[in-house]
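# Coordinates in review
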Amino acid sequence: ERLLQSSAIMGRFSALLLLAACVCAAHAADLGEIIALNELYDNTGGTRWYRSTNWLNKDPCTPNVWYGVKCVDGHVVSLDLNYNNLRGPLSESFTNLIYLRFLDLEDNYLTGSLPQGLGNFFNLTYMDVSDNIFSGVIPSGIGQLRNLDVLQASDNGFEGPLPSTFGNLASLSYLSMENNLIDGALPASFNQLSNLEQVYMQDNYLIGPLPELDGLTDVTTFWLSNNEINGTIPSSIGGMKSVESMHMDHNKLTGAFPSTITNLANLRYWIFNNNQISGDLPKDIDRMTSLVTVQLNVNRMSGLISDGLGVVRNIKKLYLQDNAFESPLPKFLQTNPRQYTYLDLRRNNFVRNSNFNLEPSPLSRAPNSSSPSSFSSSSSFSFSPSYSFSFSPSSSCSCSSFSRLSHLSLAAPCR
């Protein structure tokens, strides 16, 4: 899905630039831009590039345009050298390409830091430097790229915190910086990115607390999994009213969910497992009518499982194991659990009901792993097609109610 989204975005920008290049008369390239391209070729082993048609052959714009280069009025506006075996650093002269609108250097072997003069790319709308070996901090000059719509810099070695100027990226709609070494807290200016729609910053070393989030009103995807984010969840999270997928699992978040989280009526994937979240489920959880997957397992939540959760009919996967939820179970779990394809309530504080036989059953013994949930067939949450309902050693249920539920576990099975 991510690859399709990226391809569609890149295709859109490429088509626009190709059209512009076709309707403009040919002009000789600017000398400073020629120098920048020549040094790029020399510094990144151009003789070993997979494709280098016409490079170093007279002018890059006329009459035989160099491979990956598009020009308008004698200026380089697009440079597309993805998957081309570029190896080495970018020189500071690279920032002479001040008319660039589209830059794709994805999937190469580029090293070193991004040029300090990155802010010279005033016209840049699309930038993809993902899947390289870049390192160092993100230059503060990035905040000058006010036309930048798409920034993809995942799978590198970028480190340090995001600069405070990051919030100046007023046009940014797509941000992908996952799998780097970025640390520090998200800057307060992050909340100024009012056009942001998709955020992928999982697998870094971000810490907390989270900034205010109510400025991110257009965000649909917000992934910050596998970081070190601590502190409480700000009540301003309720302002993210467009969000559909929120992955905050495997962090160090504490405190209870703010009541404002139930404002997220469009949220489908509520993934906050493996934190230190405490308190009850939100009282008005029935307002979160779009929920499909709820993963709140491996936290410190307590109290009763709200009957309001049963009102949300779209939920198919419900993971609440490894918390401290208490008996009695809500009626919807005892009378209508069939809506769920995955349900796990193991290792909570449910009280035994002597009306039901809780002797172990070899067919449905639940795994004792508390690892995060995974939906692969080999995971600890995948079972054989025949199940009985399984509970912790102290629990209450009617097994007949779960006869059609294929994936349900609470810990020691009943018959």
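Residues numbered from 1 in each chain as written. Predicted model: local features only at pLDDT ≥ 70, side-chain atom pairs only at ≥ 80, totals over all residues. Heavy atoms only, no water.

### What about the pattern of salt bridges?
- Counting across every chain of the model gives three salt bridges.
- With a shortest N-O distance of 2.6 Å, Asp322 and Arg347 are connected by a salt bridge. Within this pair, whereas Asp322 is found in the loop between strand S22 (317–319) and strand S23 (324–326), its partner Arg347 is found in the loop between strand S24 (342–344) and strand S25 (390–391), the two being separated by 25 residues in sequence.
- What makes Asp322 buried here is its relative accessible area of 15%.
- Overall, Arg347 belongs to the partly exposed group, its relative accessible area being 26%.
- Arg346 is the salt-bridge partner of Asp344, the closest N and O atoms lying 2.7 Å from each other. (Salt bridge = Lys/Arg side-chain N within 4 Å of Asp/Glu carboxyl O. Helix = DSSP H or I, 4+ residues; strand = E, 2+ residues; numbered from the N terminus. Buried < 20%, exposed > 50% of the residue type's maximum accessible area, 1.4 Å probe, protein only.)

### Side note on the nonpolar core
- In this structure, Leu79, Phe166, Phe222, Trp270, Phe272 and Ile305 are the most contacted members of the largest nonpolar core, which totals 93 residues.
- Mapped by element, the contributors of at least two residues to this core are helix H2 (31–43), strand S1 (69–72), strand S2 (75–80) and helix H3 (331–335).
- Here this core gets five residues from one element, more than from any other, and that element is H2.
- With sequence-adjacent residues up to four places away left out, Phe166 is seen in contact with Ile142, Leu151, Leu172, Leu175, Met177, Pro187, Ser189, Phe190 and Leu193.
- The next biggest cluster of nonpolar side chains, apart from the first, holds five residues, and it includes Phe102, Tyr126, Val150 and Tyr200. (Core = buried A, V, L, I, M, F, W, Y, C linked by side-chain atoms within 4.5 Å. Contact = heavy atoms within 4.5 Å.)

### A few points about the state of the cysteines
- In the structure shown here, the tally under the stated rule is one disulfide.
- In this model, Cys61 is linked to Cys71 through a disulfide, with the two sulfur atoms separated by 2.0 Å. Its torsion about the S-S bond being -75°, the disulfide of Cys61 and Cys71 is classed as left-handed. With Cys61 in the loop between H2 and S1 and Cys71 in strand S1, this residue pair connects regions lying 10 residues apart in the sequence.
- Of the residues examined, Cys61 reaches a relative accessible area of 7% and is grouped as buried. (Disulfide = S-S within 2.5 Å.)

### Remarks on the side chain of Ser189
- Inspection of the secondary structure puts Ser189 in the loop between strand S11 (181–185) and strand S12 (198–200).
- According to the relative accessible area criterion, Ser189 is buried, its value standing at 9%.
- Among residues more than four places away in sequence, those in contact with Ser189 are Ser164, Phe166 and Gly167.

### Focus on the confidence of the model for the protein chain
- Per-residue confidence for the protein chain gives a mean pLDDT of 84; residues scoring 70 or more make up 78%.
- Predicted confidence for residues 15–25 stays below pLDDT 50, and this span has 13 contacts to residues more than four positions away or in other chains.
- The model gives residues 354–404 a pLDDT under 50, and that stretch makes 133 contacts with residues more than four places away or in other chains. (pLDDT = per-residue confidence, 0-100.)

### Side note on H2
- Compared with the 18 Å implied by 1.5 Å per residue over 13 residues, the 18 Å span of H2 between its first and last C-alpha is a close match.
- Buried within H2 we find Glu33, Ile34, Ala36, Leu37, Leu40 and Tyr41. Buried residues of H2, viewed axially, fall in a sector of 160°; they line one side. Those residues of H2 that are exposed and angled more than 90 degrees off the buried face are Leu31 and Asp42.
- Where H2 is buried, its residues contact S1 and S2.
- Sitting at the head of H2, Asp30 places a side-chain oxygen 2.9 Å from the backbone nitrogen of Gly32.
- Following H2 by one or two positions, Gly45 has its phi on the positive side, about 65°. (Expected span 1.5 Å × (residues − 1). Arc of directions from axis to C-beta. Polar contact = N/O pair within 3.5 Å; in protein donor to acceptor, adjacent residues only side chain to side chain.)

### Focus on the sheet that holds strand S9 (residues 157–160)
- If you trace the six strands from one edge of the open sheet to the other, you get S3-S5-S7-S9-S11-S13, paired in parallel fashion. Lying at the two open borders of the sheet, with one neighbouring strand each, are strand S3 (87–89) and strand S13 (205–207). Averaged over all neighbouring strand pairs, the angle between strand axes comes to 15°, with direction disregarded.
- Direction of pairing for strand S7 (residues 133–136) relative to S9: parallel, over a ladder of two bridges. Directly across from Ser135, in S9, lies its bridge partner Gly157. (Pairing = 2+ DSSP bridges. Axes fitted to C-alpha atoms, helices over the stretch in contact; angles between N-to-C directions.)

### Side note on the pairing of strand S21 (residues 300–304)
- Direction of pairing for strand S19 (residues 276–279) relative to S21: parallel, over a ladder of two bridges. When the bridges of S21 are listed, Ser278 appears paired with Arg300.
- Pairing of S21 with S23 involves three bridges; the strand directions are parallel. If you follow Gly303 over to S23, its bridge partner there is Phe325.

### A few points about the packing of aromatic side chains
- Under the criterion given, the structure shown has 14 aromatic pairs.
- Aromatic pair Tyr41 and Trp49: ring centres 5.1 Å apart, planes at 65°, arrangement edge-to-face.
- Trp49 gets classed as buried once you look at its relative accessible area, which sits at 6%.
- Taken together, a centroid distance of 5.4 Å and an interplanar angle of 50° make the contact between Tyr50 and Tyr83 tilted. A residue pair is termed long-range when its members are at least 10 positions apart, and Tyr50 in the loop between H2 and S1 and Tyr83 in the loop between S2 and S3 qualify at 33 residues.
- Judged by relative accessible area, Tyr50 falls into the partly exposed class, the value being 44%.
- What makes Tyr83 partly exposed here is its relative accessible area of 46%.
- We note Arg87 situated over the ring of Tyr109; from NZ or CZ to the ring centre the distance is 3.9 Å. (Phe/Tyr/Trp six-rings, centres within 6.5 Å; stacked < 30°, edge-to-face > 60°. Lys NZ or Arg CZ within 6 Å of the ring centre and 35° of its normal.)

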